[in-house]
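Next come the chains, spelled out residue by residue.
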Amino acid sequence: MTRLKVPYLVAIGFSLAAGRLQGENTPSAVRSFVERHCVECHDPELKKGGLDLSTLPYDLKASSVFSTWVKVCDRVAAGEMPPKKKAKPAASELRTFTNTLSSALFSADRERIRHEGRATQRRLNRYEYEQTLRDLLTLPYLEVKSFLPEDSEAYGFNKAGDALDVSHVQMARYLSAAEFALREALASQAIRPITTTNRFYTWDQGAFFGAIKLEGPLNRRTFPLVGYDLQRELMAMDSPKRGSPDTERRDQEALAVVVSTYEPTEIRFNKFHAPVSGKYRLRFCAYSIWMGPKYTEVTPGHQSEPITIYADTPPRLLRKLGSFDVAPEPTICEMEVYLLAGETIRPDAARLFRSRPPDHKNPLAGPNGMPGVAFRWMEVEGPFFDHWPPAGHQLMFADLPLRDSPHSAKGNHETSRHDVIVESKNPEQDAAKLLRRFMEAAYRHPIQKSDVDRFLSVVRCALKSGQSFTDSMIAGYTAVLSSPGFLYFNEKPGRLDDWALAERLSYFLWNSCPDRELRELARCNELHRRKVLEQQTERLLNDARSRQFVDSFLDYWLDLRFIAGTDPDVELYPEYQLDDLLVESMIDETQLFFAELIERNLGITNLVDSDFAILNARLAAHYSIEGVEGVTLHPVTLPKNALRGGLLTQASVLKVTANGTTTSPVKRGAWITARLLGKPPPPPPPSVPALEPDIRGATTIREQLAKHRSQETCAACHRTFDPVGFALESFDVMGGWRERYRSVGSGDPVKGVGHNGLNFHYSLGPSIDAGGELPDGRKFQDVVELKRLLLKDEEQLARNLAQQLAIYATGAPMQFSDRPQIAQLLAKSRSEGYGVRTLIREIVQSDLFLNK
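Residues numbered from 1 in each chain as written. Predicted model: local features only at pLDDT ≥ 70, side-chain atom pairs only at ≥ 80, totals over all residues. Heavy atoms only, no water.

## A few points about the overall build of the chain
Next up, step 1: A count of helices and strands for the chain gives 29 helices and 19 strands.
Next up, step 2: Counting across all 852 residues of the chain, residues that qualify as buried make up 53%.
Next up, step 3: For the chain, restricting intrachain contacts to residue pairs at least 6 apart in sequence, the fraction spanning at least 24 positions comes to 72%.
Next up, step 4: Surface exposure of the chain reaches about 38800 Å², of which carbon and sulfur atoms provide 52%. (Helix = DSSP H or I, 4+ residues; strand = E, 2+ residues; numbered from the N terminus. Buried < 20%, exposed > 50% of the residue type's maximum accessible area, 1.4 Å probe, protein only. Contact = heavy atoms within 4.5 Å. Areas by Shrake-Rupley, 256 points an atom, 1.4 Å probe, with all protein chains shown as cover.)

Written as C-alpha cells, this is what we have:
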C-alpha cells in the first residue's frame, strides 16, 4: 500500500509545485493540462528534453519564458506531445489548451511589438555597405567588403539587428573603407582619357610565348601555329633567334595550348594593363584545334571549346569577366567589361585539364591526339566614359575645375593614378553646397541644416589644419559615410513612412540603396499606396539589379557562400580537381534557377522537383544529360522521372552539404528539413561525438549511423532527417551520380587520369543504399520517390519560403503573432501554385513588411 501511494503523493507534490510556481495568472486550462499530461516527464528529476514544466513561470513578457511556451504549444498542437506511449488527452481538452495558450501568446507578442517593433534597429551589413557605395559613387566593381569584419548571423541571415553590432574596431574599418572608396571615385586625371583601339598578338606576349620549353615539343605548354603548319614553326623555334612575324602573317599566327590556364602555364596578355578604371570592349580571335599524338600535326578541332576570360591583378587575383565558345574555324568573340586600373586579361581554355608537374598525363588525350585551343590576338577598345570627370567625382565636386598634381607619376604597368587637385575660389561656400548635395544623395531620408552643419565642421577643421580643399572634402564625406545616418536603417516602431519603406524595399530586392524613382515617390508620399507599391515591386524585380537579391538571399538560405569552403579530395575525386568551370557553372545554375522561378512566377514545388534545369555543356556532362552544347547556361527540358530538377539534386547544394571527402546523410538530411521544409532539428547533445568519416571503406555510413542511433538521446532527432539524407547518398561530394562508395583502402581499384593529370588511386567499395522511411511510415527507394513524397507537403514548402523571404526582407525573426499573416498571404498565393514571384509581392504588401 505504501509503495502504491508514493507515486501518487509525488504527483500531487509536483502538481502543487506547478500551481504555485507558475503563478496565479496561469489560466486554469493551461495549468490543468500541464499537470495531467506533461509534468510527469518534465519535472525537476526527469526533466526530459531539458524542460522542467513544474517550475516554468507563466510570465509571457520574459522572452525566454515566452519562447518556451511557444515550443510547448507547437509540440502539443502538432500531436508530438504527449508521446505516443502516453494516454492521449480528449480532443476538447486538447483544443481548449492550445486555443487558450495560443491566444495568450498572440496577445503578449502583439503588445511587445506595439512598443518595440518587430525588428531590432540595424545597420547595413558589409554586402549592403559595399553595394551602396558602388551605386552611390558609380563604381560597379568597388571592393570594400574586405575592409570590414565578418557580419554575425541571426535567424539564418546577415540581416538582423540582433547580430549586427558596432565596435570601435568596426568604426575604424568603416572610416578606412569609406576613404578608400571616395578616392577611387576621384577622377584619375584632369583631362579625359583618350579612347583607343589596340591589338595584342599572342606571339608578342611573354606570358604566352615564354611558356614554350625549348628542350623538345613534348615538354611544351604552348605551340606556335601559322594556319596548321606546325612543323615549320617548330623548326623555326630551334633557331638561335626568333624574330617577329612579318606583316602578312602576324594576323594568322597563333599560339596553341592543350592545357587549361593554370600554373605553370599561366598565359595572359601581359603587355596590356588597363590604364584607368572604366568600360572597355574586348575582342578575341581564337579557334579549337586537334593536336596530333606527337605534337607535330594540327587539324581543325572536333568541337567548339569553352573559353573563360578573367581580369587578372598580379599575383593571381582573378575576377571572372565572362565566357564564350570558339569554333574549329577562327572565331572572333566580343564582350563589354568594366576593368579596374592595372588589371590585365587572362584567357582560359576551361574544358582542358590542369597539369600538376612533373609526372602528368592528359586525360583528354587518346591514340589519335588531343583537343586544344589556338589564341591569335586580343583587341582592346576603350576606356569609354559617358562624361568626364566620372559620375562619382561629379557627385563629390560637381563642375569645379581640377588639375593634375605636380607630384603625379606613372605607376606600374603603364597605368597611372594621378593625384588631381580640385580648385575652389570660395572653399567655405563650396564646401557647404557640395556637402549638402552629397548628403542628399547618400542619406536615405530627408536631411536638415543641422545634419549638414555637423559634417561641415569636419571640413572646416581640415581646412584650418592646412589640408587641401580636395582632402578636406574627402574627410567630410568619409565622416558622412561612417555616420549612423548612413549606416543605420531609418525605421521607427509602427507603420513605416514612405522613406523607410523605399529603403526597406530597395535593400530587399536590390541589396542596395533606393534609386531616384523610389526617392521621388517617397518625397511625394506616394509609395505606400498599394498600386504604386505593387508597380515598384515589379519594376525592381524586372531590373538587372534584382540579381543582387537572388545571389545574396541564396548565399545564406542555401549556404552558397560556402561553395568554395571545401575542395574534392585529391585521391578520392581526382576528376574534379581544379575544375573551375564546373564550380562556376554549379553556382550559376542555382542562382539562375531561382531567378527563373521569379521571372516566370513558377510554383513552389519546383524547389523540390522541376521539369527543367539550367545547364551548359559542362554541367550536362556532369549530370549525364545529352544534347546540351556551349558554355552559356540556359533552361533545358528534362525527361520524365529525371534525377535532376529542383534544388535537392543540384551540384551546388550537394557540394555545400558535403565536406570534400565524404557525404553525410545527417548533414544533407538536416539541410533539407531545415532549409526546404522549415523544420530545423535541435543541436546535437554536447556529450555525443560527431561521426568520423571512414575513407578506408571498412564500414558504410548507414552502418555507422545505425550504431549512432542506438543512443536514446540521438534516435528521436535522427529519425526525422537521416532518411531524407540517405536518398542523396547516390550523389558524391560534387553532386555526381554514383552507385558505389569510394575508398583508398579495400575495394575494386579504378584506372584513369584525373583533371589534374595524375593517375587515379581510389577503389570502389560497397553499393549505395538510397532507400529510407519517413517518420510517418512512408517509404521510398531513391531520390525520385523521395521527391514525390516531399511534393505532397506543398503548403509547408510555401510557408517556409515565405518565412525565409520575410526574415531576409525585414531583418526580424518570425514572431508567434506573425503566423496569421503568413497564413493570409499563403491563402492569396494558393491559386497560383504559390508562385515565387507572387510570394514576394504578397510579402511586400503584408503588415510584416509595412511595419517595423
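## Describing the sheet that holds strand β6 (residues 305-313)
Next up, step 1: Pairing in this open sheet of three strands is antiparallel, and the strands run β7-β6-β9 from one edge to the other. The outermost strands of the open sheet, each flanked by one partner alone, are β7 (317-326) and β9 (344-349). Within this sheet the neighbouring strands show an average axis-to-axis angle of 25 degrees, counted without direction.
Next up, step 2: In the sheet, β6 pairs with β9 via six bridges, with the strands oriented antiparallel. The residue bridging I307 from the neighbouring strand is A349, located in β9.
Next up, step 3: Helix α19 (residues 580-599) contacts β6 and β7 of the sheet and is inclined by roughly 90 degrees relative to β6. (Pairing = 2+ DSSP bridges. Axes fitted to C-alpha atoms, helices over the stretch in contact; angles between N-to-C directions.)

## Points about the packing of helix α15 (residues 498-509) against helix α16 (residues 516-523)
Next up, step 1: Following both chains from N to C, one finds α15 and α16 inclined at 155 degrees, their axes separated by 8 Å at the closest point. Regarding the angle of α15 to α16, the classification is roughly antiparallel. α15 and α16 meet at a crossing whose hand is right-handed. Between α15, through D498, W499, A502, L505 and S506, and α16, the contact on the second element is made entirely by L518, R519, L521, A522 and R523.
Next up, step 2: Looking at side-chain class alone, the contact of α15 with α16 contains six nonpolar, one polar and three charged residues. (Parallel < 35°, antiparallel > 145°, perpendicular 65-115°, else oblique. Left-handed = near helix turned anticlockwise from the far one by under 90°. Nonpolar A, V, L, I, M, F, W, Y, C, P; charged D, E, K, R; others polar.)

## Let's talk about the nonpolar core
For soluble globular proteins, nonpolar side chains are generally found buried alongside one another.
Next up, step 1: By size, the foremost hydrophobic cluster in this structure holds 98 residues, and its most contacted members are F549, F553, W557, F594 and L801.
Next up, step 2: A total of nine residues in this core trace back to one element, the largest contributor, which is helix α26 (residues 794-810).
Next up, step 3: Apart from residues lying up to four places away in sequence, F553 is in contact with F157, L558, F594, L801, Q804, L805 and Y808.
Next up, step 4: Residues L148, F269, L282 and L481 belong to the second largest nonpolar core, which totals 81 residues. (Core = buried A, V, L, I, M, F, W, Y, C linked by side-chain atoms within 4.5 Å.)

## Comments concerning the pairing of strand β13 (residues 612-615)
Next up, step 1: Burial of β13 is two-sided: the residues F612 and I614 facing one way and the residues A613 and L615 facing the other way are all buried.
Next up, step 2: Pairing geometry for β13 and strand β14 (residues 634-637), over four bridges, is antiparallel. Across the sheet, I614 pairs through a bridge with P635, a residue of β14.

## Things to note about the sheet that holds strand β16 (residues 748-749)
Either a parallel or an antiparallel arrangement is found when strands of a sheet pair, and the pairing is made through backbone hydrogen bonds.
Next up, step 1: Read across the sheet, three strands follow the order β15-β17-β16 without closing on themselves; strand pairing throughout is antiparallel. Where the open sheet ends on each side, the last strands, each with one partner, are β15 (740-743) and β16.
Next up, step 2: Note that β16 and strand β17 (residues 763-767) share two bridges and pair antiparallel. Bridge pairing in β17 places D748 opposite L764.

## Thoughts on unusual backbone geometry
Most peptide bonds take the trans form, and the phi angle of most residues other than glycine is negative.
Next up, step 1: Put simply, M81 and P82 share a cis peptide bond, and its omega is -10 degrees.
Next up, step 2: With respect to the secondary-structure elements, P82 resides in the loop between α3 (63-77) and α4 (91-116).
Next up, step 3: Phi is positive for N511, which is not a glycine, with a value near 60 degrees.
Next up, step 4: Topologically, N511 is positioned in the loop between α15 and α16.

## Observations regarding the side chain of N756
Next up, step 1: For N756, the location among the structural elements is in the loop between β16 and β17.
Next up, step 2: At 3.1 Å, the side chain of N756 and the backbone nitrogen of L758 are in polar contact. (Polar contact = N/O pair within 3.5 Å; in protein donor to acceptor, adjacent residues only side chain to side chain.)

## Quick notes on helix α27 (residues 819-829)
Next up, step 1: Those residues of α27 not exposed but buried are Q821, I822, L825, L826 and S829. Burial along α27 is one-sided: seen end-on, the buried residues are contained in an arc of 140 degrees.
Next up, step 2: The secondary structure elements touched by the buried residues of α27 are α4, α26, α28 (836-845) and α29 (847-850). (Arc of directions from axis to C-beta.)

## Points about the pattern of salt bridges
Next up, step 1: Enumeration according to the criterion identifies 60 salt bridges in this entry.
Next up, step 2: Among the ionic pairs, K271 bridges to D204, the shortest N-O distance being 3.3 Å. Taken together, the positions of K271 in the loop between β3 (253-257) and β4 (278-291) and D204 in the loop between β1 (196-201) and α7 (206-209) put the pair 67 residues apart, joining distant regions of the chain.
Next up, step 3: Taking the relative accessible area as the measure of exposure, K271 reaches 47% and is therefore partly exposed.
Next up, step 4: Between E575 and R742 there is a salt bridge, and its shortest N-O distance comes to 2.7 Å. (Salt bridge = Lys/Arg side-chain N within 4 Å of Asp/Glu carboxyl O.)

## Looking at α19
Next up, step 1: Look at α19: 28 Å from first C-alpha to last across 20 residues, which is about the 28 Å you get at 1.5 Å a residue.
Next up, step 2: With 15 of 20 residues buried, α19 lies mostly within the body of the structure.
Next up, step 3: N601, located one to two residues past α19, shows a positive phi value of around 50 degrees. (Expected span 1.5 Å × (residues − 1).)

## Re the packing of aromatic side chains
The description of an aromatic ring pair rests on the distance of the ring centres and on the angle between the ring planes.
Next up, step 1: Under the definition given, this model contains 34 aromatic pairs.
Next up, step 2: An angle of 85 degrees between the planes, with centres 6.4 Å apart, marks the rings of Y127 and Y556 as edge-to-face. Here the residue Y127 occupies a position in helix α5 (residues 126-137), and Y556 occupies one in helix α18 (residues 546-557), the gap between them amounting to 429 residues.
Next up, step 3: The ring of W510 carries the charged tip of R545 above its face, separated from the ring centre by 3.8 Å.
Next up, step 4: Over the ring of F612 we find R600, and its NZ or CZ is 5.3 Å from the ring centre. (Phe/Tyr/Trp six-rings, centres within 6.5 Å; stacked < 30°, edge-to-face > 60°. Lys NZ or Arg CZ within 6 Å of the ring centre and 35° of its normal.)

## Focus: the confidence of the model for the chain
A low pLDDT means the predicted coordinates there should not be read in detail.
Next up, step 1: For the chain, per-residue confidence averages 88 on the pLDDT scale, and 87% of positions sit at 70 or higher.
Next up, step 2: With pLDDT under 50 throughout, residues 237-243 is counted as low confidence; its partners more than four residues away or in other chains account for twelve contacts.
Next up, step 3: The model gives residues 409-417 a pLDDT under 50, and that stretch makes 17 contacts with residues more than four places away or in other chains. (pLDDT = per-residue confidence, 0-100.)

## Topic: the environment of E520
Next up, step 1: For E520, the location among the structural elements is in helix α16.
Next up, step 2: In this structure, the C-alpha to C-alpha distance between E520 and W499, residues 21 residues apart in sequence, is 9.5 Å.

## A short note on the environment of A104
Next up, step 1: If you trace the backbone, A104 turns up in helix α4.
Next up, step 2: Assessed through its relative accessible area of 22%, A104 is described here as partly exposed.
Next up, step 3: Note: C-alpha distance between A104 and P27 (77 residues apart in sequence) is 9.2 Å.
Next up, step 4: Aside from chain neighbours lying at most four places away, what touches A104 is Y58 and L60.

## Examining the state of the cysteines
Next up, step 1: Counted under the stated rule, the structure contains zero disulfides.
Next up, step 2: Just so you know, C41 is unpaired, no disulfide at all, and the nearest cysteine sulfur is the one on C38, 8.9 Å from it.
Next up, step 3: Its sulfur unpaired, C285 is 8.8 Å from the next cysteine sulfur, which belongs to C333.
Next up, step 4: Relative accessible area serves as the criterion here: at 4%, C285 is assigned to the buried category. (Disulfide = S-S within 2.5 Å.)

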